[in-house]
Amino acid sequence: MLLNFCLLLTCTFLLSLTYRQWPVPARSAEHQLRIVLAAVASVLLLLNTQEVGPYKIDLRFVPLALITLRYGVGPGLLVAAGPVVLRVLESDLGGLSALVNALSVVGLSGILRGYLNFRDLGRGDLWKLPLPYLGVGLMLFFTPQPPGVSPWVLYPSMLALHSLATVAVLGVLNARLRLLRATAELERQVLTDELTGLGNRRRFDLDLARLETGGQLVMLDIDDFRSLNERHGTPVGDRALRYIGQVMTDVTPHAAYRLSGEEFALLLNVGSEAGARALVERIQAQVTEPGGLPWAKLTLSAGMATRLLHETPSELMSRADEALYLAKTNGRNRLVVQQYSARPTTAEAALPDIRPRYSLWQAQRTTVNLLTQRRTLTDDDWHELLRLAVQTVDGVEAGTLNVREGSVFRVCASEGYDEGLTGLTLTERSQRKWYGGSLEDWLAGKPRVLRPGEIQRAWASADESHQPGQDQLFAQLGRRDQLRANLCLPVVLGGEVIAHLNLDSMSSEDVFTPAVMQDAGVFAQQVAALLQLQERWRELEQLARLHGDLSLSLDDDAIAGHLTDTAHALLRTSYTVLLRYDAAHDMLISAARAGASPLDGPPVRLRRGEGMSWLALETGQVQRVADIMTAPGAYRPENLEPDRRALMAVPLLSHQRQPLGVLCLLRSAHRPFQASDEALAAMLASVGTRVMERGTHLNDLRATLEASLNTLGVALEARDFETQGHTQRVRDLALMMGAALQLPDDQMTALRHGATLHDIGKLCIPDAVLLKPGRLNPDERAVVEQHAPLGADLVARIPFLHPESHHVVRHHHERWDGAGYPDRLAAREIPLLARIFALCDVYDALISVRPYKAAMSHARALEIIREGRGTQFDPALTDLFCSLIPGGFAVSVSSHPAGTGEATVPAEEGAVPAGPVAAGPVEADGALP
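Just so we're clear, the structure is a prediction, and the values are computed from it rather than from any experiment. (Residues numbered from 1 in each chain as written. Predicted model: local features only at pLDDT ≥ 70, side-chain atom pairs only at ≥ 80, totals over all residues. Heavy atoms only, no water.)

Undergrad: Account for the overall build of the protein chain, naming residues and giving values.
TA: Each helix and strand in the protein chain was counted, giving 31 helices and 19 strands. For the protein chain, the residues scored as buried account for 49% of the 929 residues in total. Taking the intrachain contacts of the protein chain between residues at least 6 apart in sequence as the baseline, contacts between residues at least 24 apart amount to 65%. (Helix = DSSP H or I, 4+ residues; strand = E, 2+ residues; numbered from the N terminus. Buried < 20%, exposed > 50% of the residue type's maximum accessible area, 1.4 Å probe, protein only. Contact = heavy atoms within 4.5 Å.)

Put into structure tokens, the structure is as follows:
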């Protein structure tokens, strides 16, 4: 029956695939396909029946019952026909029995059809499932049975089997339907605006692409919506948006979309522009009549365009955008219909003589929206703004936006070029060369225009300062052979160039007229505003990240490195160095630096009173110097580079006003530090000071913890009668292995802690078992093997321990071949640190003296370890271990008599004899003598 049951589920799964969308459509072709599949499944189930005496038991009546419940008696009889015919061909009696059973199932299912909905089957309906099968097998009670066959057993079994199979089939079908329903709901959520319930921008783009020729696109925008938010708050603004969305849904069901903020759209296909105009005007009228609500005076401006033959969605949207701009700039609360004609053909289009610059207005609104969002801007945000610039500024066909990040510029967005340009980093020097004008003009943000001959010279100059290979990359992706004119606008903030906006024309040298440059300047101003906000958010994120990173670090060097790198990135310095105070020598010594170059010499060492750093410490005030070459008392290192002339020294003082160090930041002389830089540096110093003080305290706690763990390890040795110094030796061996493997610091710490406490679980083992001098029986061995998981539970309660130290305690008795304990892990399933420590633990057990065994020689111990290569130990680690101690471990145990030959191995330490109990050649802390 198992084969029959599996075949039924397989057929059910195939039939469930005919349900492909939610809600399930009522398509006759799909219904017919399901009936045919059910009929085929019934025949297959009959052909793979289970014989019980003279009877054939199968599940062919389950598809029959479900089809009848779903589609009625007629389709049920069609499904029943095939199996009945096959049984008639086999025997008359079998055919009669099949016919009676099939008719009973069809009849009972037809009666139950109004009372049993298998799509919504609850627990209270489960008792109904056996009802369609009550007639199956009733003939057993009225016909003579062969010996050993009892109808009182066979009939209930068949009834239960059919009921169970029905539950399984319904489970498969309902699982498919739930999946379709969840997928449909997810798709609805992805394509629906959460606030208004209208379609969102993604659904709009999909539906716009399907808009037929002659259909209308209407762009709508709420007039003066920002004032409503300012007067009444965002909640009232959200209610207004929901109200307008409901009005659009009532007037034009399934045709309204919310694109962003207060911008909406309609996609109409009502047969004529007049009909579409009537719907839009109806919406505008209803929006202005919401009674006495706060948004009663809101109005809608609208622009409409009809899709032309062969017109792309972007072209249609551009025309509707222009019509909306005209509506908003000519009195608002009006509808402008954009005609595809050079001559004005509507009253609205003939009103003013203005340039259609909706995209410029849209870009400004996009910038405002980004300014109100409390988040860091992404490359997608920058690309949207650049796209609007290229689309809006006349004659521009491509462009790039390069934003300063630290001491370099990064291409954050490109339009009209290969996407491979985005993400490239450019030096400040290369950007200066590309600009080509004077430094004063560059810092003043003066626009610069280049034409073909000048462009070639600028490229050649900039390529000299590019990183290796970038000149070829720009030549391949930058369309240099097509470029006819370039407009470069330096974006200046706080006296510093923070971005380059490049707008390019591929068709004209004279495109950048004063009017065009004025439009481009608007975008440069928007970039500046966004970058100023971005700078504030970046500062907050960097400070929060710095605090989080420093809170996780207990290492002085890590603290110094984090603080230096963050200051270097936040303040965009050319060079940053952290000088730490050395109380023993009463001097400042460089501890970390960022932006270093090959010309930097040995660490800086400043005696008391030397340089501006000591002045900052003595006064407790930040010291700013525009040029250290002219500042009296400033420290001037050898090989001073030109971009390290402006200095800011930030003191790091403890709460008791004791010196901790100085953060020194340097820039080019043309980028002196400002008061805002000083305030930001002071916040950095505050965070760094607190963490440095706490780091000192935590280092003291860590030293105390190490001493406590070592004391506990020695105490364990005394209880277990291990050789004195076992814990120290295995810890040193493990750390030697870790160093050879170049493990990171945190894993070395975990290895050290795990080695120290590897046998802490023995505290939970009774002395009678742990200290037994003779052979352990299987029960005693099982008790001893519990020390590994018990030890892991104990160390889990010790604070500050690295989580991987628990792996050493629990798994250092696992074997490479999987025969170890407690979890029977094999090969690389065993944590690396546990595999390392197992070698060290076994080696020390072999060369050490115990009361019940002599020590082996170093050579014999390595021989035994090599025998366990690939069975008990990691092969690669075994080879490394044997190569690291060719002459014996440096910490000698020669004070104990060295044994040679086959020593008797004690309980818990040493080699394992052959036999059914032994798992391999060597098993420290767990083998039987």
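Let us keep going from here.
Undergrad: Outline the packing of helix α23 (residues 726-740) against helix α31 (residues 875-884), supporting the account with residue identities and numerical values.
TA: Between α23 and α31, whose axes approach to 11 Å, the crossing angle comes to 110 degrees. Our classification of the angle between α23 and α31 gives roughly perpendicular. The two elements α23 and α31 cross, and the hand of that crossing is right-handed. Taken together, the residues of α31 that come into contact with α23 (itself represented by L733, M736, M737 and A740) are L877, L880, F881 and L884. (Axes fitted to C-alpha atoms, helices over the stretch in contact; angles between N-to-C directions. Parallel < 35°, antiparallel > 145°, perpendicular 65-115°, else oblique. Left-handed = near helix turned anticlockwise from the far one by under 90°.)

Undergrad: Provide a residue-level description of the packing of aromatic side chains, including the pertinent values.
TA: How two aromatic rings sit relative to each other is set out by the distance from centre to centre and by the angle between their planes. All chains considered together, the criterion is met by four aromatic pairs. Centroid distance Y581 to W614: 6.0 Å. Interplanar angle 85 degrees. Geometry classified as edge-to-face. You can see Y581 sitting in strand β14 (residues 575-582) and its partner W614 sitting in helix α21 (residues 611-619), a full 33 residues away along the chain. Judged by its relative accessible area of 1%, W614 is buried. Here the basic side chain of R181 rests over the ring of W22, its NZ or CZ set 4.9 Å away from the ring centre. Above the ring of W434, the side-chain terminus of R448 is found at 5.2 Å from the ring centroid. (Phe/Tyr/Trp six-rings, centres within 6.5 Å; stacked < 30°, edge-to-face > 60°. Lys NZ or Arg CZ within 6 Å of the ring centre and 35° of its normal.)

Undergrad: Describe the environment of I67, listing the residues and the values that go with them.
TA: Topologically, I67 is positioned in helix α3 (residues 61-71). By relative accessible area, which is 7% here, I67 ends up buried. Between the C-alpha atoms of I67 and R34, which are 33 residues apart in sequence, the distance is 8.5 Å. Other than its neighbours up to four places away in sequence, I67 contacts R34, I35, A38, G72, P75, G76 and V79.

Undergrad: Lay out the side chain of T306 with the relevant residues and their values.
TA: Inspection of the secondary structure puts T306 in strand β6 (residues 300-306). The buried category is assigned to T306, whose relative accessible area is 14%. Polar contacts involving the side chain of T306 include one to the side chain of E273, which spans 2.6 Å. Not counting the four nearest positions on each side in its chain, T306 is found in contact with G214, G215, Q216, E273, E311, L316 and R319. (Polar contact = N/O pair within 3.5 Å; in protein donor to acceptor, adjacent residues only side chain to side chain.)

Undergrad: Describe in detail the sheet that holds strand β3 (residues 216-222), supporting the description with residues and values.
TA: Here five strands make up an open sheet; going across it, the order is β4-β5-β3-β6-β7 and the pairing mixed. Only two strands of the sheet have a single partner each, and these edge strands are β4 (256-260) and β7 (335-338). Direction aside, neighbouring strands of the sheet carry axes that sit 20 degrees apart on average. Of the pairings in the sheet, the one linking β3 to strand β5 (residues 263-268) comprises six bridges and is antiparallel in character. (Pairing = 2+ DSSP bridges.)

Undergrad: Describe in detail the pattern of salt bridges, supporting the description with residues and values.
TA: For the structure on display, the rule yields 31 salt bridges. Between R27 and E30 there is a salt bridge whose closest N-O contact spans 3.0 Å. A relative accessible area of 37% places R27 in the partly exposed class. Measuring nitrogen to oxygen at the nearest pair gives 3.9 Å for the salt bridge that ties D510 to R451. Pair noted here: D510 is in the loop between β13 (496-505) and α19 (514-552) and R451 is in the loop between β11 (448-450) and α17 (452-463), with a separation of 59 residues, a long-range link. For D510, a relative accessible area of 58% corresponds to the exposed category. Since its relative accessible area comes to 30%, R451 is described here as partly exposed. (Salt bridge = Lys/Arg side-chain N within 4 Å of Asp/Glu carboxyl O.)

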